[in-house]
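Below, each chain spelled out in residue letters.
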Amino acid sequence: MNATTISVDLAKSVFQIAVANDKWEAIESHRLTRSQFERWFANRAVRLVIMEACGSAHHWARWLGAQGIEVRLLPAAYVRAYVRRNKTDAADARALLEAARASDICPVQIKSVEQQALQSLHRTRSLWMGTSTSRINALRGFCREFGLGIPQGARTGIEAISRAVADPASALPELIREPVRQLLEEIRLLEARIAQIEQQLSQCARQSASCQALLSVPGIGLLTATAMVAATGGHVSHFKDARHFASWFGLTPKEYSSGSTRHLGRISKRGDKYLRMLLTHGARASLRAATVSLQAGRQIDTLRQWALQVQQRACHNKAACALANKMARICYAVLRDGVPYESNTISEQRKMNRATFVTAH
């Protein structure tokens with residue numbers, strides 16, 4: 001049998017396999033359990049395995065790659081267009097064979113164990129940040145119901161709530177004081193855990209030359225640098241150019257063109273939304289710092305001058321998106337050349353040693 005190409009529709013416990021020959025003709029179809037899937041490749045001469053870039057795909061790609069088999073991960077959104085009629089596991093596996101023949105579909109880079117571990121740190125931090133924010137919002141709502149005004153800001157708000165709990169004469173009922181104390185303790189515990197993760201990220205950044213180079217870019221901090229290295233592995237050679245890299249974050253405009261009419265709309269918001277959020281927040285912080293520096297009469301660099309000019313002729317949000325796009329392109333050049341954007345060691349050290357938010361007791 002000339003079975004050279006295999007497409008796999010991954011799942012938690014059941015794997016659907018479509019076997020194709022050297023002419024890309026499907027000749028077999030199998031439904032295997034996890035243990036059967038691991039044994040299936042033992043006596044097979046397989047040249048290429050095609051899978052969707054979904055959960056556990058990178059693990060199986062590394063496992064197959066260790067056996068000398070080439071693995072190609074395809075974006076799941078692009079494979080869906082090749083599914084005919086009803087969606088089944090067998091139809092998905094056959095669709096992978098068709099999508100793999102399309103030359104305009106770029107495969108997803110296989111992530112290493114270190115990359116996925118670093119991404120897991122970021123996801124854990126995001127979960128804890130969301131949990132802490134929900135607890136703070138709940139406490140604000142409780143206090144508002146009893147006529148207590150809580151100032152804006154997470155730290156100042158928690159300090160005000162702590163004082164209200166500690167004050168016997170406050171309007172907070174005795175029945176709810178103990179649950180509020182427990183929520184405050186939970187918030188402090190979450191913040192301690194978040195600080196611990198940020199320390200781990202800082203240690204990883206010190207050991208990564210790519211992170212050190214990215215930290216030299218204005219608006220790029222510890223979170224953005226480590227998240228970008230986790231997503232790309234510190235290499236951008238698989239991107240065509242800087243614009244392609246920016247479009248990977250969804251920071252380039254949508255296009256609707258026909259004939260001689262070319263219309264560019266808002267940013268596409270495709271790709272990694274977590275990295276796009278970090279880049280956008282970094283751009284907003286950079287714009288804010290540039291405005292403060294300008295008002296204080298201090299000199300600002302050409303990048304921030306350009307961003308302020310965009311803000312003057314457009315609006316703040318458009319300037320932030322434009323600056324985030326520019327920052328992504330600069331990051332591409334920094335990772336491609338391995339050269340820092342600027343030799344500003346003081347700024348880099350400040351980013352590395354950023355103080356984590358700690359609630360006052």
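We now turn to the structure provided with this report.

### Brief notes about the sheet that holds strand β2 (residues 14-20)
- Strand order in the open sheet formed by 5 strands is β3-β2-β1-β4-β5, and the pairing between neighbours is mixed. Each of the sheet's edge strands pairs with one partner strand only, and the pair in question is β3 (26-33) and β5 (70-74). The sheet shows a mean angle of 20° between the axes of neighbouring strands, taken without regard to direction.
- Relative to β3, β2 runs antiparallel, the two being bridged by 7 bridges. Within β3, the position partnered with glutamine 16 by the bridge is arginine 31.
- Sheet contacts for helix α4 (residues 89-100): β1 (5-9), β2, β3, β4 (48-52) and β5; angle to β1, the most-contacted strand, approximately 135°.

### Some points on the nonpolar core
- Within the largest apolar cluster, 48 residues are counted, with the highest numbers of intra-cluster contacts made by Leu214, Ile220, Met228, Phe245, Phe249 and Leu279.
- Where this core is concerned, the elements lending two or more residues are α5 (113-145), α7 (174-206), α8 (209-214), α9 (222-232), α10 (242-248), α11 (273-295), α12 (302-313) and α13 (316-337).
- Per-element tally for this core: the top contributor is α13, with 11 residues.
- Residues contacting methionine 228, with those up to four places away along its chain left out, are Leu214, Gly233, Phe245, Phe249, Leu275, Leu279, Cys331 and Leu335.

### Overview of the packing of aromatic side chains
- This model, assessed by the stated rule, comprises 14 aromatic pairs.
- On the basis of an interplanar angle of 10° and a centroid distance of 4.7 Å, the ring pair of phenylalanine 15 and phenylalanine 37 is categorised as stacked. Of this pair, phenylalanine 15 sits in strand β2 while phenylalanine 37 sits in helix α1 (residues 34-40); the two residues are 22 residues apart in sequence, bridging distant segments of the chain.
- A relative accessible area of 0% means that phenylalanine 15 is categorised as buried.
- Centre to centre, the rings of phenylalanine 37 and tryptophan 60 are 5.1 Å apart; their planes meet at 90°, and the pair counts as edge-to-face. Residue phenylalanine 37 is found in helix α1, and its partner tryptophan 60 is found in helix α2 (residues 57-65); the two are separated by 23 residues along the sequence.
- Judged by relative accessible area, which is 0%, phenylalanine 37 ranks as buried.
- Classification of tryptophan 60 by relative accessible area gives buried; the value is 1%.

### Concerning the pattern of salt bridges
- Enumeration over the complete set of coordinates arrives at 12 salt bridges.
- Glutamate 159 is the salt-bridge partner of arginine 155, the closest N and O atoms lying 3.6 Å from each other. Taken as a pair, arginine 155 and glutamate 159 lie in helix α6 (residues 154-166) at a separation of 4 residues, close to a single helical turn.
- For arginine 155, a relative accessible area of 42% puts it in the partly exposed group.

### So, the environment of glycine 282
- With respect to the helices and strands, the residue glycine 282 is situated in helix α11.
- For glycine 282, the residues in contact, after removing those within four places along its chain, are Gly219 and Met327.

### Considerations on α11
- Taking 1.5 Å as the rise per residue, α11 with 23 residues should run 33 Å; its terminal C-alpha atoms sit 33 Å apart, in good agreement.
- Every buried residue of α11 is accounted for by Tyr274, Leu275, Arg276, Leu278, Leu279, Thr280, Gly282, Ala283, Ser286, Leu287, Ala290 and Ser293.
- Against α5, α9, α12 and α13 lie the buried residues of α11.
- With a side-chain oxygen positioned 3.0 Å from the backbone nitrogen of tyrosine 274, the residue opening α11 is aspartate 272.
- Of the residues trailing α11, glycine 297 is marked for its positive phi of about 80°.

### Some remarks on empty space enclosed by the protein
- Across all of its chains, the model carries 1 cavity of 30 Å³ or more by this definition.
- For the largest cavity, the calculated volume is near 40 Å³.
- Forming the walls of the largest cavity are Gln119, His122, Arg123, Ala227, Ala230, Ala231, Asp272, Tyr274 and Leu275.
- At the level of secondary structure, the elements contributing two or more residues to the lining of the largest cavity comprise α5, α9 and α11.
- Partitioning the lining of the largest cavity into residue classes produces 5 nonpolar, 2 polar and 2 charged.

Conventions we followed
- Residue numbers run consecutively from 1 along every chain, following the written order of its sequence.
- Since the coordinates come from a predicted model, pLDDT governs what is reported: local features require at least 70, and pairs of side-chain atoms require 80 or more to be given and counted, while whole-chain, interface and lining totals use all residues.
- Water and hydrogen atoms were dropped before computing side-chain values, which therefore reflect all heavy atoms in the structure.
- Two strands pair if DSSP finds at least two bridges between them.
- Runs of H or I in DSSP of at least four residues are treated as helices and runs of E of at least two as strands, each being numbered from the N terminus.
- For helices, the fitted axis covers only the stretch in contact; all axes are lines through C-alpha atoms, and the angles between them, taken along N-to-C directions, range from 0 to 180 degrees.
- Should any heavy atoms of two residues lie within 4.5 Å, those residues are considered in contact.
- Take the buried residues of types Ala, Val, Leu, Ile, Met, Phe, Trp, Tyr and Cys, join any two whose side-chain atoms come within 4.5 Å, and each joined set is a nonpolar core.
- Burial classification: accessible surface area is computed with a 1.4 Å probe over protein chains only, and a residue below 20% of its type maximum counts as buried, one above 50% as exposed, and the rest as partly exposed.
- Here is the rule: rings of Phe, Tyr and Trp (six-membered ring for Trp) pair when centre to centre is within 6.5 Å. Planes less than 30 degrees apart are stacked, more than 60 are edge-to-face, and the remainder are tilted.
- We define a salt bridge as a contact between a side-chain nitrogen of Lys or Arg and a carboxyl oxygen of Asp or Glu at a distance within 4 Å.
- Expected helix span is taken as 1.5 Å per residue step, with the number of steps being one fewer than the number of residues.
- Polar contacts, as counted here, are pairs of nitrogen or oxygen atoms within 3.5 Å of one another; within protein the pair requires one atom able to donate a hydrogen and one able to accept it, and residues that are adjacent in sequence qualify only if both atoms are side-chain atoms.
- Using a grid of 1 Å spacing that covers the protein atoms alone, one calls a set of points a cavity when a 1.4 Å probe fits there but cannot get out, and a pocket when the set is open and has protein on both sides within 12 Å along at least five of seven lines; lining residues are those with an atom within 4 Å of a point.
- Grid points are joined across faces, edges and corners, and a volume is the space filled by probe spheres set on the points.
- Residue polarity is assigned by list, with Asp, Glu, Lys and Arg as charged and Ala, Val, Leu, Ile, Met, Phe, Trp, Tyr, Cys and Pro as nonpolar; anything else, Gly included, falls into the polar class.

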